[in-house]
Amino acid sequence: MSDHASHRRFDGTLVTVPFGGENVERTARDEYRTLLDERDSEDVLVVTGAPTSTDTFREALGTELPGAATPYVTSLVVHATDVLNQTDDRVILSDALRRELLHRFLADYEWETEYLQRASDQPSFIKDVDAVMGTLSWQTITPEETPELRDITAALDAFHEWLAEHGHMERGQLISEALDVLSGDARDDVVDFEAVLAVEFEEFFPLDRAYLDALAGDCDLVCIAEENASVRRTWVESGPVTDYVSFSGSRRGASEAPSTRPAATAAYFAEETVPVDPEAGSVSILATDSSDEQLAKVANEIEELVAQPNWNYDDIAVATKQSGSTVTDTIEVLERTGIPAESTTVTGFGDDPAIRELLAVVRHLAADEEDEVPDRGPELDTERLDRVSDIDSLEDAVRWWATDSGLKERIAERSTPLDARAQFGNVRRTFQMAEFLEETEFVDATWESFEEMLERAHEYAPQQNQTSATDLNGGVRVDHLQAIKNESFRAVFLVNLVDGEYPGDPFLTGLFPTERVASMPDYPGVTELDAPDVDATFPTTSTASSRPFARYHTEHARRRLAVGAGAADEHLYCCLYEYEDTALEERAQASRFLTEAYERLSWVTEADDPHITSEQAAEDFLLSRVDDALAEVRRANSRDVTVSLDDLEAELGEVQDLLDKSGARGEELRKALRARVEFANGEVRR
């Protein structure tokens, strides 16, 4: 979908800044200061591309204001929510409630296309179609060429109509519905500023750009776009954002060399440039045998950091490539070791003991008399169950149980303050679900219906929440890379830096095979591509695949690493493992991005041995480099990738020269290298 966006002209100034969070913040402060020369801070609206980064910019720009004054900073989604709360009576559904209603709506939906009729029998169908609908809804894209996508769009439109009839809307409609308000007569009722500063403009979708245009109106407008930094927008639109917009004025923002090693490493991942060593901060490789051991080692390292004076858990982030179960698995491991964790993209609903108890109660009350009462879950007081079943209101009944059974006191007693706060939030969410059932006419307010809703919320808890609306409570932040963009943490752990994950294989949806998606011109993601599209979007060249689709998504994975690395202020940890946790224990290759950085950036060192000073460390590095070289050749055969044998030969030639100068010790290493090559080729000998 590289050409689906219409060109938009803005009456304002576009400031482009070179990659790097420091450059972005420095330029944002400069532009904000200029806008304040003639205005009060409440007359300057600052808009971010993502809700997660509003705190970062509020803090950065707050240094420009005197005393306790706070900058007026919001995100597009939050601003659209405020507009609709003032002008629209419809209830905006939470992600969990929307998912529940979509399941109920699609349960009896009749699909037009044979493909979706067959696919709808699969257990994962609603989850997969939900993800595609979510993307279509947030972008207001109307597919025209692919029959199945037209079918899904028709279902989405019908779902929105069904919600509207009952006074609801989903979050995916927020920006398009609020855009209608801003484009109409009510605009002056909701706009109360004289100037707009838009940061993270490189991430604005076509719909976001239309919203910004309507929002700014006749106000002064300044947009800041970071080069080679877009991850959210480039998943659905190729090329730089400057290809899709023009401004009445433009200039380049202030730029300085990265001031820390994590920032310099991020710049290398983003642009393949090798900066001068800033000699501040550290970049360490944490390598373990298995992925389970990897998280255990991360937990140990976190404990060592917070044992130091002035370090807190919320100074630290752990970043995964994807959201969902990868995030929840990481949270679970950390919390088992006593480390509190939090996330903006998933809820802890699925593994919360308080929710499991309430779910057991609801299962009992939903069981018919002739049904077997479920035997799972905690032992429950039958007398209390009888009493709660006599209460007419679902919400009152659930609240009464929570109070009478001492659930709240037990949460407070058995949990740390941070965990207790999260569990109370989940219990409150359960109360809201019960209240929703009672107030919504088109869903039955019965124990059976409530059980279905709670079961589904429990099952889908690891799924990504679209709006980053989860409350944070002060633990280690665990999220996917995109969610920590433009935030800053003293230490960041990037986990699973193996080739199967970075770059891994492109995955856009579970609804259609990847090869089919790659040929859909109207899929809501970057699919049909040619080589110039890839070159226009990424300055990096991490693979020589002949297929632009494979090249594009390889470079996109590398850029995500750049964004994650850029969130680290002092310490960046690149974590990987050698064997997959499977019965066959397949070997996991280190990510090609990390291998390359290790070779080219002198400050990227192994955590256990800060510099390659020992013979053993040098030996291990040489042997692993030979393994990597062989792996690249094997990968070329299996993954439609070409490698430069000349480069490999030159590199191994340098190793041979080094060994020639090392006398008897060099000869021993040469034998080890030869054995390693023979072993890799299956020629095992004594």
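Bear in mind that the values here come from a model prediction, so they are computed numbers and not experimental data. (Residues numbered from 1 in each chain as written. Predicted model: local features only at pLDDT ≥ 70, side-chain atom pairs only at ≥ 80, totals over all residues. Heavy atoms only, no water.)

A. Seen up close, the overall build of the protein chain. When you go through the protein chain residue by residue, the secondary structure sums to 26 helices and 15 strands. Within the protein chain, counting contacts between residues at least 6 apart in sequence, those at least 24 apart form 75% of the total. Within the structure as shown, the protein chain displays about 30800 Å² of accessible surface, and the carbon and sulfur contribution to it stands at 44%. (Helix = DSSP H or I, 4+ residues; strand = E, 2+ residues; numbered from the N terminus. Contact = heavy atoms within 4.5 Å. Areas by Shrake-Rupley, 256 points an atom, 1.4 Å probe, with all protein chains shown as cover.)

B. Here's a closer look at the packing of aromatic side chains. Tallying each qualifying case throughout the model produces 15 aromatic pairs. A centroid spacing of 5.8 Å and a plane angle of 40° characterise the contact between Phe105 and Tyr109, whose relative ring orientation is tilted. A relative accessible area of 16% means that Phe105 is categorised as buried. On the basis of an interplanar angle of 50° and a centroid distance of 6.3 Å, the ring pair of Tyr268 and Phe269 is categorised as tilted. Each member of the pair, Tyr268 as well as Phe269, is classed as buried. Clustering of aromatic rings is evident, with ring pairs tying together Phe105, Tyr109, Trp111, Phe125, Phe159 and Trp162. (Phe/Tyr/Trp six-rings, centres within 6.5 Å; stacked < 30°, edge-to-face > 60°. Buried < 20%, exposed > 50% of the residue type's maximum accessible area, 1.4 Å probe, protein only.)

C. Representation of the packing of helix H3 (residues 76–87) against helix H10 (residues 206–216). Remark: H3 packs on H10, axes separated minimally by 12 Å, with the N-to-C direction vectors making an angle of 55°. Taken together, the axes of H3 and H10 are oblique relative to one another. In the packing of H3 onto H10, the handedness of the crossing is left-handed. Here H3 contributes Leu76, His79, Ala80 and Val83 to the contact with H10, which in turn contributes Asp208, Tyr211 and Leu215. Partitioning the contact of H3 with H10 into residue classes produces five nonpolar, one polar and one charged. (Axes fitted to C-alpha atoms, helices over the stretch in contact; angles between N-to-C directions. Parallel < 35°, antiparallel > 145°, perpendicular 65-115°, else oblique. Left-handed = near helix turned anticlockwise from the far one by under 90°. Nonpolar A, V, L, I, M, F, W, Y, C, P; charged D, E, K, R; others polar.)

D. Up close: helix H2 (residues 54–62). Within H2, burial applies to Thr54, Thr56, Phe57, Ala60 and Leu61. For H2, the angular spread of the buried residues around the axis is 160°, confining them to a single face. Residues of H2 that are exposed and angled more than 90 degrees away from the buried face: Asp55 and Glu59. Buried residues in H2 make contact with helix H1 (21–36), strand E2 (44–48) and strand E3 (72–75). (Arc of directions from axis to C-beta.)

E. Structural view of the nonpolar core. Formed by 67 residues in total, the largest nonpolar core has its most connected members in Trp111, Ile152, Trp447 and Phe450. When residues of this core are assigned to their parent elements, the largest contribution, eight residues, is made by helix H14 (residues 353–366). (Core = buried A, V, L, I, M, F, W, Y, C linked by side-chain atoms within 4.5 Å.)

F. Broad picture of a negative patch on the surface. A cluster of acidic residues, Glu383, Asp386, Asp390, Asp392, Asp396, Glu438 and Glu439, forms a negative patch on the protein surface. Those elements that place two or more of their residues in the negative patch are helix H15 (382–389) and helix H18 (417–439). Of note, Glu383 is situated in helix H15. (Patch = residues over 30% accessible without salt bridge, like charges linked within 9 Å, V, L, I, M, F, W, Y side chains within 5 Å. Salt bridge = Lys/Arg side-chain N within 4 Å of Asp/Glu carboxyl O. Lys, Arg positive; Asp, Glu negative; His and termini not counted. Charge placed at Lys NZ, Arg CZ, Asp CG, Glu CD.)

G. Representation of the sheet that holds strand E11 (residues 341–342) within the structure. If you trace the seven strands from one edge of the open sheet to the other, you get E11-E12-E10-E13-E14-E9-E15, paired in parallel fashion. Since the sheet does not close on itself, it has two edges, and those belong to E11 and strand E15 (604–606), each with one partner. Relative to strand E14 (residues 568–579), strand E9 (residues 282–290) runs parallel, the two being bridged by eight bridges. Among the inter-strand pairings, Ser282 is bridged to a residue of E14, identified as His571. Contacting E9, strand E10 (316–320), strand E12 (476–480), strand E13 (489–494) and E14, helix H12 (residues 291–306) runs over the sheet at an angle of about 140° to E9. In this fold helix H23 (residues 592–600) packs onto E9, E14 and E15, with an angle of close to 100° to the strand it touches most, E15. (Pairing = 2+ DSSP bridges.)

H. Looking closely at the sheet that holds strand E7 (residues 220–226). In spatial order, the strands read E3-E2-E6-E7-E1-E8; together these six strands make up an open sheet with parallel pairing. The open sheet has two edge strands with one neighbour each: E3 and strand E8 (245–252). If you compare each strand with its neighbour and ignore which way they point, the axes differ by 25° on average. Bridge count for E2 against E3 is four bridges, and the pairing is parallel.

I. Summary view of the side chain of Thr288. Along the chain, the position of Thr288 falls in strand E9. A polar contact is formed between the side chain of Thr288 and the backbone oxygen of Ser290, at a distance of 3.1 Å. (Polar contact = N/O pair within 3.5 Å; in protein donor to acceptor, adjacent residues only side chain to side chain.)

J. View of the environment of Asp43. As for its placement among the helices and strands, Asp43 is situated in the loop between H1 and E2. Residue class for Asp43 comes out buried when judged on its relative accessible area of 18%. Counting along the chain gives 153 residues from Asp43 to Val196, while the straight-line C-alpha distance between them is 8.7 Å. In this structure Asp43 touches Phe193, Glu194 and Ala195, once residues within four positions along its chain are discounted.

K. Local environment of helix H13 (residues 325–336). Along its 12 residues, H13 runs 16 Å from first to last C-alpha, staying within 8% of the 16 Å computed at 1.5 Å per residue. Taken together, the buried positions of H13 are Val327, Thr328, Thr330, Ile331, Val333 and Leu334. On the buried face of H13, the contacting elements are H12, E10, E11 and E12. Looking one or two residues past H13, Gly338 carries a phi angle of roughly 90°, positive in sign. (Expected span 1.5 Å × (residues − 1).)

L. Local environment of the packing of H14 against helix H19 (residues 447–459). The contact between H14 and H19 brings their axes to 9 Å, and the two run at 150°. Between H14 and H19, the angle falls in the class roughly antiparallel. Crossing geometry of H14 relative to H19 is assigned as left-handed. Residue-level contacts link Ile355, Arg356, Leu358, Leu359, Val362, Arg363, Leu365 and Ala366 of H14 to Trp447, Glu448, Phe450, Glu451, Leu454, Glu455 and His458 of H19.

M. Representation of unusual backbone geometry in the model. Cis geometry marks the peptide bond from Tyr502 to Pro503; its omega dihedral reads 10°. Tracing the backbone through its elements, the reader meets Pro503 in the loop between E13 and helix H20 (514–518). Even without a glycine there, the phi angle at Glu279 is positive, about 60°. Position of Glu279 relative to the elements: it lies in the loop between helix H11 (261–271) and E9. Its identity as a non-glycine residue notwithstanding, Asn496 has a phi of 65°, on the positive side. Mapping Asn496 onto the fold places it in the loop between E13 and H20. Taking the relative accessible area as the measure of exposure, Asn496 reaches 14% and is therefore buried.

N. Representation of the pairing of E10. Within E10, five of the five residues are buried, leaving the element largely enclosed by the surrounding structure. Judged by which residues are buried, E10 turns out to be covered on both faces: Ile316, Val318 and Thr320 on one side and Ala317 and Ala319 on the other are all buried. Of the strand pairs in this sheet, E10 and E13 are connected by four bridges, and their pairing is parallel. If you follow Ala319 over to E13, its bridge partner there is Leu494. Examined bridge by bridge, E10 and E12 share four bridges and lie parallel to one another. The residue bridging Ala317 from the neighbouring strand is Arg477, located in E12.

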